[in-house]
Every structure is written in structure tokens, then in C-alpha cells.
Amino acid sequence: MMSIEVARFRARTLSTLRAFFDERGYLEVDTPILAPELIPEAHIEAFATDLMDPYAPEATAKRYLVPSPEVWMKRLLARGYGSIYYLGKVFRNNESRSRIHHPEFTMLEWYTVEADAESQAELTAHLCAHLCAHLRGRTPDAEGCRTVGAPVERLTVAESFARYAGLGGFRFDAPESLRRAAAQLGLHVGPQESDEDLFQRILLTHVEPALPTDHPVILTDYPSLVPTLARARGATCERWELYLAGMEIANCYTEERDPSRLAEFLSHETARKRDARVPHPPAESLLEFASAPECSGAALGVDRLVMALLGLREIAGVIFFP
């Protein structure tokens, strides 16, 4: 459980995050944490519950705790709400219990209309600097604020593979490239492992642990072979992730709005979730997003952000009841 001092700092951080977006004209939205359907993501398991009717027991319906407010926010974007943000709880089931994971956590998710992932990266750098300018002096660990507020280093995923895994000249779209890379790194490759699996293993075992921890790092140009709702451009997509103190803190896309690609994603990810421990209906409402304006969305883990600002290593230290 966090101390009173940390609780006060966390509260100031939440207030500063809200003020940052309020001052820029974003609308805060309070979307439901229960949903009848979810956007399918193969590697995310949900929590399920029953919605019961006291007068019609046979009408009991399944509801799911949202792993992200995306399922609701994209409907609001399609209906003309403009740039919006959400700050609240989300839920991930069946995840490893580690120093930086928790099944219930606080997420800041925002969408900027008429913007792409590139402009969101600039906004996020401003957000980091803004947080430190307003919170410095109010934290017992000034070094954490200096780290978060330092100039942001940017490099592509391919560049990070070259620098930290020794895979120079790597191309994600070359046949068998990831299998050869895994073999070069001494990783055992199972017969059922996909290119996506191998990419994630190399990223998690060789790149992420080697990233600098004394300043923010943004990895850009993720390979399109990883299915996401980010707009693709050839072998890569318009996506980046932000790392603070060695932790993945935020994930951002230029949002895909092409109706055929949205339908393809739903179909592909629904098929991959057939063996899910908590099956759920796919969010067909995602197809409404084709009528939304051009926009970019980002999701940021607030608990990890507070950890980075305070220089803490355990997520339990920034949560009231871990």
C-alpha cells in the first residue's frame, strides 16, 4: 500500500494530467467500465460478469470489464465529439504478476482529431516536460522528475534491433528474417511460433532491458506483422511506444479508419481468440469508426508514470490496495 506522501503526489499528478488536456480543449469523457462486447486483442484476456434482471432471470447477459476505454471512445469520435480523453480504471486478466503489472490499473487514454502519431509524439514530449515543471519540488525523488523531463530520444524499432540486439540491417518484411534473427541470438524457435511471437521475444529479451533509463525513449515504426489498429505503410505502421525508466508507459497509433481494414482486423483477431479463457463477442461497433475524422490515439499507464516520477520500482507502492 502506498504511503500518504505518495498518495498526495499521485493525486497532484492526476490533477496535472487533467489540466494539461483541459487547457488544450480536450473533453474528458466518463465511459462505462462494463461492456457487452470488446475489441478483440489476441494477447489480452478480460474479466467477465453477469448482468441480471430480477424480473427476468432468463435474460441474464454477459458483461466484460474493459481492458481499455477504446471500445467506447471510438464510438464518441465517430459521433463528432472531437478530441477527448479518459482517466480511470481498466482491467487485464490472466497477466503475469510482476513489479510493473497489476490486473486493475489506471489509464490515461486520449484521441486527437486531425492529428497523426508524429504530432502525438510531440504532444507527449510536452506532457512529460509539463509534468516535471509542475511537480518538481513536490516529490521526494527529484531524480525521477529529471528523468521524465529529460529530452526524448527517438529511434525506430529496426534501429533498436541493430543497437541492442546486434541485428544491423534488419528488415521485418524479408522472408524468414525473424527466424534467422532468433537463431543468431541463440533463442530456441518452436515449430508453432509465428513471426509476431519471435518479434515480441526479441523485443522483450534483448531490446527493452537495454533501453536507457535516464531519459524518455520513443520507439517508432513498429512492424506491420503485429496486428493492431494502427495505420500501416508497407512493412511498418504509424505506431510508437514511450519508455520511462525502462518501463513501457504509452502506446500510440495513427488510427486506422479504412472500413475494409477494420473488418479484416475484427475477423482476424476474433479467430485468434477462439481459445481465449474468457471468450467475448467482438465489438462490431468498431466499424462505425470508419466515419470518424482523421485522428491519433494514445494510451498511457498512469501507475507506471507515477513510479517513474518518484523513482520507485514496485507498482504496489503507488496503489492504495495492491
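Details of the structure are given in the entry above.
A. Structural context of the overall build of the protein. Scanning the protein for helices and strands turns up nine helices and 13 strands. For the protein, whose C-alpha radius of gyration is 20 Å, the value lies close to the compact-globule estimate of 20 Å for 322 residues. The principal-axis extents of the C-alpha atoms in the protein amount to approximately 60 × 50 × 40 Å. Relative to its 322 residues, the protein shows a buried fraction of 51%. In the protein, the share of contacts with a sequence separation of at least 24, taken over all contacts with a separation of at least 6, comes to 69%. Counting every atom, the protein has about 14,900 Å² of accessible surface; 52% of that belongs to carbon and sulfur. In the protein, the 34 positive side-chain charges and the 46 negative ones have mean positions that sit 4 Å from each other.

B. Quick peek at the pairing of strand β4 (residues 61-65). As paired strands, strand β2 (residues 34-35) and β4 are joined by two bridges and run antiparallel to one another. For A35, the partnering residue across the bridge sits in β4 and is Y64. Examined bridge by bridge, strand β3 (residues 47-51) and β4 share five bridges and lie antiparallel to one another. Bridge pairing links T49 to R63 in β4.

C. Region of interest: the sheet that holds β4. The antiparallel open sheet is built from three strands, whose spatial order is β2-β4-β3. Looking along the sheet, the strands with just one partner apiece sit at the ends: β2 and β3.

D. Looking closely at the nonpolar core. With 57 residues, the main nonpolar core has F161, F199, I202 and L219 as its most contacted residues. No other element matches the six residues that helix α2 (residues 70-78) contributes to this core. Excluding residues that lie within four positions of it along the chain, F199 makes contacts with V157, F161, F172, L178, Y222, P223, L225 and V226. Counting 44 residues, the second largest nonpolar core, distinct from the first, contains L87, L123, L242 and V302.

E. Representation of the pairing of strand β11 (residues 239-244) within the structure. With respect to burial, β11 is a largely interior element, six of its six residues being buried. Here β11 pairs with strand β12 (residues 247-254) via six bridges, running antiparallel. Bridge pairing in β12 places Y243 opposite E248. The hairpin turn running from β11 into β12, its antiparallel successor, is two residues long, and A245 in that turn takes a positive phi close to 50°.

F. Main features of the sheet that holds β12. With respect to topology, eight strands assemble into an open sheet ordered β1-β5-β6-β13-β12-β11-β8-β7, the strand pairing being mixed. What marks the edges here is a single partner per strand, and that holds for β1 (27-28) and β7 (153-156). Sheet analysis places strand β5 (residues 84-91) next to strand β6 (residues 104-113), joined by eight bridges and oriented antiparallel. Within β6, the residue paired with G88 across the bridge is M107.

G. Structural view of the pattern of salt bridges. Counted according to the given criterion, the structure contains 20 salt bridges. With its nearest N and O atoms 2.8 Å apart, the salt bridge here joins K74 to E255. With a gap of 181 residues between them, K74 in helix α2 and E255 in the loop between β12 and α8 (259-272) connect regions that are remote in the sequence. Take K74: its relative accessible area is 3%, and that puts it in the buried class. A salt bridge links E238 to R231; its shortest N-O distance comes to 3.0 Å. Classification of E238 by relative accessible area gives buried; the value is 14%. Through salt bridges with shared partners, a single network forms among D221, R231, R233, E238, R257 and E294.

Scoring rules and cut-offs
Residues numbered from 1 in each chain as written. Predicted model: local features only at pLDDT ≥ 70, side-chain atom pairs only at ≥ 80, totals over all residues. Heavy atoms only, no water. Helix = DSSP H or I, 4+ residues; strand = E, 2+ residues; numbered from the N terminus. Rg over C-alpha atoms; globule rule 2.2 N^0.38 Å. Buried < 20%, exposed > 50% of the residue type's maximum accessible area, 1.4 Å probe, protein only. Contact = heavy atoms within 4.5 Å. Areas by Shrake-Rupley, 256 points an atom, 1.4 Å probe, with all protein chains shown as cover. Lys, Arg positive; Asp, Glu negative; His and termini not counted. Charge placed at Lys NZ, Arg CZ, Asp CG, Glu CD. Pairing = 2+ DSSP bridges. Core = buried A, V, L, I, M, F, W, Y, C linked by side-chain atoms within 4.5 Å. Salt bridge = Lys/Arg side-chain N within 4 Å of Asp/Glu carboxyl O.

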